[in-house]
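# Coordinate inspection notes
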Protein chains: 2
Amino acid sequence: MGYMKADDAEAVNIALLGFGTIGSSVYAVIQKEHDAILDATGVDLRVAHIVEKDFSRAGIDAPSDLFTSDFQRVLDDPSVSIVVELIGGTEWAFTFIDGALRAGRDVVTANKQLLANRGAALFDLADQLGRQIRFEASVAGAIPIIKVMRESMIAADLHTVYGIVNGTTNYILTAMYRGEGDYGGTLKKAQDLGYAEADPTADVGGADAAAKMAILASLAYRSRVTMSDVTYEGIERVSIEDVEYAKQFGFVVKLIGAARLVDGRVNVRVHPALVPENHPLASINGSYNAVYLKGHTIDEIMLTGPGAGGPPTATAVVSDIVNIAGTDAAGFLQSCTCYKALELCPDEDMRSAFFIRFKVEDRAGVLAQIASIFGEHDVSIESMIQKGHGDEAELMLITHPTMERGFFAAIEQVAGLSCAKSRPMTIRVL
Amino acid sequence: MGYMKADDAEAVNIALLGFGTIGSSVYAVIQKEHDAILDATGVDLRVAHIVEKDFSRAGIDAPSDLFTSDFQRVLDDPSVSIVVELIGGTEWAFTFIDGALRAGRDVVTANKQLLANRGAALFDLADQLGRQIRFEASVAGAIPIIKVMRESMIAADLHTVYGIVNGTTNYILTAMYRGEGDYGGTLKKAQDLGYAEADPTADVGGADAAAKMAILASLAYRSRVTMSDVTYEGIERVSIEDVEYAKQFGFVVKLIGAARLVDGRVNVRVHPALVPENHPLASINGSYNAVYLKGHTIDEIMLTGPGAGGPPTATAVVSDIVNIAGTDAAGFLQSCTCYKALELCPDEDMRSAFFIRFKVEDRAGVLAQIASIFGEHDVSIESMIQKGHGDEAELMLITHPTMERGFFAAIEQVAGLSCAKSRPMTIRVL
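Only a predicted model underlies this, so the values are computations on that prediction, with no experimental measurement involved.

## Structural notes on the overall build of chain A
Scanning chain A from terminus to terminus reveals 13 helices and 17 strands. Here the C-alpha radius of gyration of chain A, 24 Å, is about what a compact globule of 430 residues would show, namely 22 Å. A buried classification covers 52% of the 430 residues belonging to chain A.

Now the structure itself:
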C-alpha cells in the first residue's frame, strides 16, 4: 500500500472496531491530535467507520454516519487501509482481523487474549500477505514496551522479564500494604473507583497478566509462548497477614509476571511474589504498571506508567497507526519475531526462594520435625519469625532458593504432620 | 540503498570511527550477537573498518587489518553502508558525519555534544540526501528513550521532560544522601570506581546533562533546542548540609534536567533540585539514569536503566544499526522532527518553589525583616526550620511556587541585609 511522506500529506483512513472505553478514546485522541500528527508526519488521520453494535454514543461522541454494525462495509471501502480491533474476545476479533488482513488491510489491536491464544495464526497470515499487525496497547497501556522489545532490544540478549502488568491487582495489593483494608475491602474500593471490573476474575485470578506475559515472553525469547504455556495464580489467597509479615521481613507483595530463559528453556508464569523493598518493582504503586528487563548486554531496564485508562491506551493505539503509515509492511522489523521453537521449562525444574506461613502446635520437638523434613528435601531456611498464640504457634519462614520440586514435596509432608494446625501458605520471593 | 529482508540475508558492512570504551564494546557486541541478529532479522552485520589513531588494541580486541587511521578508506569502500561515529568532539566528528552522508552512507552516533551544538545542519543534510542519522546512544545509554520519543510519543502531547541523565552526578548525590561523604570525598570515590572522569568538569558542572536535555527537548517539542539555549548549573555548590536538611524536609537532592513547554514557549535547564521522596525520580540511585515524560494524553511514563557503560551503550548503537538496515531512510519516522520554531521561555518567567539556606544574626526583628522582603516580592513560605548557633541562627526555608524573577530579586535584597551572615544558598524544588 502506498503510504505518505512528511512533505506529501495523504489521508490514512482507518476503521475502528469497538467503541467502548478504548475505542472512544482513540476517536477522541485522533480528533485532538490530528493537526499535530499531520504537521509532524504528513499523516492525515481519518476515522472512516466505527463498527459497533451499541449505537448509544453515535452522534454524541462521534458523528452518527460513521457508525455501522456491519464489518463488511469496512471491507467494501477501498479507502480504508488500517483496521483497529478493540472489541476484545477471541472469536469475532479473530474473524475480523483475519478478514481485514486477507482484504489487504494492516491491523492494530489491543487484544491480549486473542494474541496470547491465537496469535501465531494471525502473525503467520500477516507475514504471508506482507501486512502488519501492531499491538502496543495489548500490554501495559501507554508504556511502549512492545516497540522497545521488538526494535530496541535487538542485541540485549534478554534472559529475564518481570512485569507488573495488571493494574487492578497492583491497586489492591498497594492498598493492603498501606493498611487500607483486607483483600475483600480493597477489591470493593477498587471496583467503586473503576480500577476493577464488576466481575474481577480475569484480573485478580491472574489470567489477564498471563496473557500479557505470553506476549512479552514471545518477543523476548523469539519463540511463541501461548496462554496455555503460562501457569498462573492470582491474589485471592493473599491475606492481610501475609502482606504484614512480608513487610516485617522487608518485602512488598506484588502480582509478578515472570518470563525467564533457563538453560535454553522458557518458563513463564504469574504469581504473587515477595519483592525486596529496594527492588525497582517494589516502588510501583496503585494501578501503575511496569516491565523490567534483564539482558546480558543491557544489565537492566525498567519502563513504568499507567497500565490502563482510555487516553493513555489510545496513545499507544494511535502511535501504532502512525507507525504503520510510516513503515514498509514487509520490513523485518514488522515481521513475526518467533523464529525459534524453544522448549518450555516446567515449574518443578525452577529454583525459587519461598515465604511460608502456617500454624503448628506449640510444643517441644515440632520445630525439629519440620526442620528435618525441609533438610531431607534440600530446603534451607534463611530467616524465621515465630509467634505464640496460646497452645499454637505461627511460623513465618523465608527459604534460600531451592528446587521447586523438592520444596513442594516438603510442604506436602509438613502439611500432613499431626502438629500442623493450618495448611502452609507459600509465596515465592523474587 | 537496498537493504535485506529477514528471509533474504545480506551483509551490512559498517565502519566504526573510534575504538575507545564504546567503540570496542560495539565491536564485541556485534561479534557476540552476530548469529542471533542474523537469525532474527536477516542482517549479516560486519565491521569492515575501524578508524582509530591509537592502534594499541589492534590484533588484541579486533583483527589488525580492520584498523586504519584514514577515514578516506571508508569513503572509498562502496561496501560500507553505515558509518558509526564514536570519536566524540564537535569538529572531526562533524566533518566525518558530513562526509559520510554526502557519500551516501547512513550514520549512527553517540555524540551528544555534536548533536546539541551542530545537529540542525546534519539533520537537514541527511533529509536532503534521503539518509538517516540515528543517535539512541547519545542520551541515557541503554535506555531506548530516543526511539520512544520519536516513534511512540506521537500522540502523547508532551509538556514536561525530566531527566536524571548524568550518572556521575547521580552517583555522587546518592552517596552524599547515604552519608558516605561530602562532595569532594564522594567525587574521589566515583573517580576511583570509574564512575567519574579524571577531569569531571563536564559531568559535575552540568554541561553533559545540558547537551542531552537539548536533544530530548528538540524531540519532545519538535523545535530545535541547541546547547546555547540551555541554562545549566552543576552540583559543585551542593553541600552535605543541603542534602541533610533537604532530607529532613522529605526531599532527595538530584541533578535534574527539565524541559518544559510553558504557554507555547520552551524552557530547558539543568540544576540541582529537591525531589519529593515519593516521586519516581527520587528512587533512581547510583549511576543509573531515568527519563520521566508527562503528556496530556499519556499521564506519565518513566524509563530507567544504566546511563553509561560499554555493553549497555553498545546495545543502543547496535539496535540503531539494525533499525537502519530495516527501514526506509526516506520515511517520515526517520526524518528530522523539528518542524516548529518555538520561542524560548527565559528562566525569569518560570515559576518554581525553592529551598533556601543561610545564616543570620540571631536577634529580634531579623525574621520580620526577611519576611517583609519576601512578601514584597510575592514569595510565600511553605515551611521553615531555624537552628540556633550562639549569636547566629541558620534558616532553612521552602517557598511556595513563585515567579523566579521576583524570587531572585528578593534573595539579592536579603543577601544585602546587615543581619545576613552568609550568602543564601538556593536550590529549586521539583
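## What about the nonpolar core?
With 288 residues, the main nonpolar core has Leu16 and Val84 of chain A together with Leu16 and Val84 of chain B as its most contacted residues. Not counting residues up to four positions away in its chain, the partners in contact with leucine 16 of chain B are Gly23, Val26, Tyr27, Val47, Ile50, Val51, Val84 and Leu86 of chain B.

## Notes on the relation of the copies chain B and chain A
Of the transformation superimposing chain B on chain A, the axial component is 0.0 Å and the angular component is 180°, with the fit at an RMSD of 0.0 Å. Both copies are brought into coincidence by an operation consistent with a two-fold rotation axis. Residues of chain B ranked by C-alpha distance from the rotation axis are headed by leucine 303 of chain B, positioned 2.2 Å from it. Both copies present the same face, since 100% of the interface residues in chain B are matched by interface residues at the equivalent positions in chain A.

## Regarding the confidence of the model for chain A
Residues and elements named next belong to chain A. For chain A, per-residue confidence averages 94 on the pLDDT scale, and 98% of positions sit at 70 or higher. Contacts for the low-pLDDT stretch residues 1-6, under 50 throughout, to residues beyond four places or in other chains number 15 contacts. Interface confidence for the predicted complex, given as ipTM, is 0.95, next to a pTM of 0.96.

## Things to note about the sheet that holds strand β3 (residues 67-68) of chain B
Residues and elements named next belong to chain B. Reading across from one edge, β3-β2-β1-β4-β5-β6 is the order of the six strands in this open sheet, with parallel pairing throughout. Edge positions in the sheet fall to β3 and β6 (133-134), since each of these pairs with one other strand and no more. The sheet contacts of helix α1 (residues 21-41) involve β1 (10-17), β2 (43-51) and β4 (80-85), and relative to β2 the element is tilted by about 160°. Docked against the sheet, helix α11 (residues 310-325) engages β1, β2, β4, β5 (106-109) and β6, running at close to 165° with respect to β5.

## As for the sheet that holds strand β5 (residues 106-109) of chain A
Residue and element names in this part refer to chain A. Pairing in this open sheet of six strands is parallel, and the strands run β3-β2-β1-β4-β5-β6 from one edge to the other. Of all strands in the sheet, those bounded by a partner on one side alone are β3 (67-68) and β6 (133-134). When β5 meets β6, the two strands line up parallel, connected through two bridges. Bridge pairing in β6 places valine 107 opposite isoleucine 133. On top of the sheet, helix α11 (residues 310-325) reaches β1 (10-17), β2 (43-51), β4 (80-85), β5 and β6; it is set at about 165° to β5, its chief contact.

## So, the interface of chain B and chain A
Contact with chain B, which involves 51 residues of that partner, is made by 51 residues of chain A. Breaking the side of chain B that touches chain A down by element, the ones donating at least two residues are α1, α5 (145-152), β12 (299-306) and α11 of chain B. Here the side of chain B that touches chain A is composed, by residue class, of 26 nonpolar, 15 polar and ten charged.

## Thoughts on α1 of chain B
Residues and elements named next belong to chain B. If you look at α1, its biggest bend is around 60°, right at glutamate 33. Within the span of α1, buried status applies to Ile22, Gly23, Ser24, Ser25, Val26, Tyr27, Val29, Ile30, Glu33, Ile37, Ala40 and Thr41. In this structure, the buried residues of α1 make contact with β1, β2, β4 and α11. With its phi angle positive at about 85°, glycine 42 sits one or two positions after the end of α1.

## A look at the pairing of β1 of chain A
All names here are of chain A. Pairing of β1 with β2, which is carried by eight bridges, proceeds in the parallel orientation. Each bridged residue has a counterpart across the sheet, and for leucine 17 the counterpart in β2 is valine 51. With five bridges joining them, β1 and β4 adopt parallel strand pairing. Residue pairing in the sheet places isoleucine 14 in a bridge with isoleucine 82 of β4.

## Thoughts on α11 of chain B
Spanning 16 residues, α11 of chain B covers 23 Å between terminal C-alpha atoms, matching the ideal 22 Å at 1.5 Å per step. For α11 of chain B, the tally of buried residues reaches 15 of 16 residues, placing the bulk of the element in the interior.

## Examining the environment of glutamate 277 of chain A
All names here are of chain A. Relative to the assigned elements, glutamate 277 resides in the loop between β10 (265-276) and β11 (288-295). Taking the number of C-beta atoms within 10 Å as the measure of exposure, glutamate 277 has 13 and is therefore partly exposed. In this structure the C-alpha to C-alpha distance between glutamate 277 and aspartate 347, which are 70 residues apart in sequence, comes to 25 Å.

## Some remarks on unusual backbone geometry
Its identity is not glycine, yet aspartate 263 of chain A carries a phi of approximately 50°, on the positive side. Of note, aspartate 263 of chain A is situated in the loop between β9 (251-262) and β10. The class for aspartate 263 of chain A is exposed, based on 7 C-beta atoms found within 10 Å. Positive phi values are uncommon outside glycine, yet aspartate 157 of chain B reaches one of about 55°. With respect to the secondary-structure elements, aspartate 157 of chain B resides in the loop between α5 and β7 (158-164). Judged by the 18 C-beta atoms lying within 10 Å of it, aspartate 157 of chain B falls in the partly exposed class.

## Observations regarding the environment of asparagine 323 of chain B
Structurally, asparagine 323 of chain B can be placed in helix α11. Overall, the presence of 25 C-beta atoms within 10 Å leaves asparagine 323 of chain B in the buried class. Between the C-alpha atoms of asparagine 323 of chain B and alanine 116 of chain B, which are 207 residues apart in sequence, the distance is 22 Å. In contact with asparagine 323 of chain B, other than residues within four places in its own chain, are Glu151 and Leu333 of chain A together with Arg134 of chain B.

## Observations regarding the pairing of strand β7 (residues 158-164) of chain A
All names here are of chain A. Burial of β7 is extensive: five of the seven residues sit out of reach of the surface. Bridging between β7 and β11 involves six bridges; their strand directions are antiparallel. Bridged to glycine 163 within β11 is valine 291. Pairing geometry for β7 and β9, over four bridges, is antiparallel. Opposite tyrosine 162, over in β9, you have alanine 258 as the bridge partner.

## So, the domain arrangement of chain A
All names here are of chain A. Domain assignment breaks chain A into domain 1 (10-141 + 313-334), domain 2 (145-306) and domain 3 (347-429). The distance between the C-alpha centroids of domain 1 and domain 2 comes to 27 Å. Across the contact, 13 residues belong to domain 1 and 18 residues belong to domain 2. Of the residues contributing to the side of domain 1 that touches domain 2, the split by class is seven nonpolar, four polar and two charged.

## Details of the packing of helix α4 (residues 112-129) of chain B against helix α9 (residues 207-221) of chain B
Residue and element names in this part refer to chain B. One way to put it is that α4 packs onto α9 with a least axis distance of 8 Å and a crossing angle of 55°. As judged from the angle between their axes, α4 and α9 are oblique. Where α4 crosses over α9, the two elements pack in a sense that is left-handed. The segment α4 lies against α9, with Lys112, Gln113, Leu115 and Ala116 engaging Ala211, Lys212, Ala214 and Ile215. Split by residue class, the contact of α4 with α9 holds five nonpolar, one polar and two charged.

## Section: the packing of α1 of chain B against α11 of chain B
Residue and element names in this part refer to chain B. Where α1 meets α11, the axes come as close as 8 Å, and the angle between the chain directions of the two elements is 50°. Relative to α11, the element α1 lies oblique. In the crossing of α1 with α11, the sense of the turn from one axis to the other is right-handed. Across the interface between the two elements, Thr21, Ile22, Ser25, Val26, Val29, Ile30, Glu33, Ile37 and Thr41 of α1 pack against Gly310, Pro311, Thr313, Ala314, Thr315, Val317, Val318 and Val322 of α11. Across the contact of α1 with α11, the residue classes tally to ten nonpolar, six polar and one charged.

Criteria and thresholds
Residues numbered from 1 in each chain as written. Chains lettered and ligands numbered in written order. Predicted model: local features only at pLDDT ≥ 70, side-chain atom pairs only at ≥ 80, totals over all residues. Helix = DSSP H or I, 4+ residues; strand = E, 2+ residues; numbered from the N terminus. Rg over C-alpha atoms; globule rule 2.2 N^0.38 Å. Buried ≥ 20, exposed ≤ 12 C-beta atoms within 10 Å, placed from the backbone. Core = buried A, V, L, I, M, F, W, Y, C linked by C-beta atoms within 7 Å. Contact = placed C-beta atoms within 7 Å. Least-squares fit on C-alpha atoms with pLDDT ≥ 70 in both. pLDDT = per-residue confidence, 0-100. Pairing = 2+ DSSP bridges. Axes fitted to C-alpha atoms, helices over the stretch in contact; angles between N-to-C directions. Nonpolar A, V, L, I, M, F, W, Y, C, P; charged D, E, K, R; others polar. Bend = angle between axes of the 7 residues up to and from the residue. Expected span 1.5 Å × (residues − 1). Domains from an automatic or database assignment. Parallel < 35°, antiparallel > 145°, perpendicular 65-115°, else oblique. Left-handed = near helix turned anticlockwise from the far one by under 90°.

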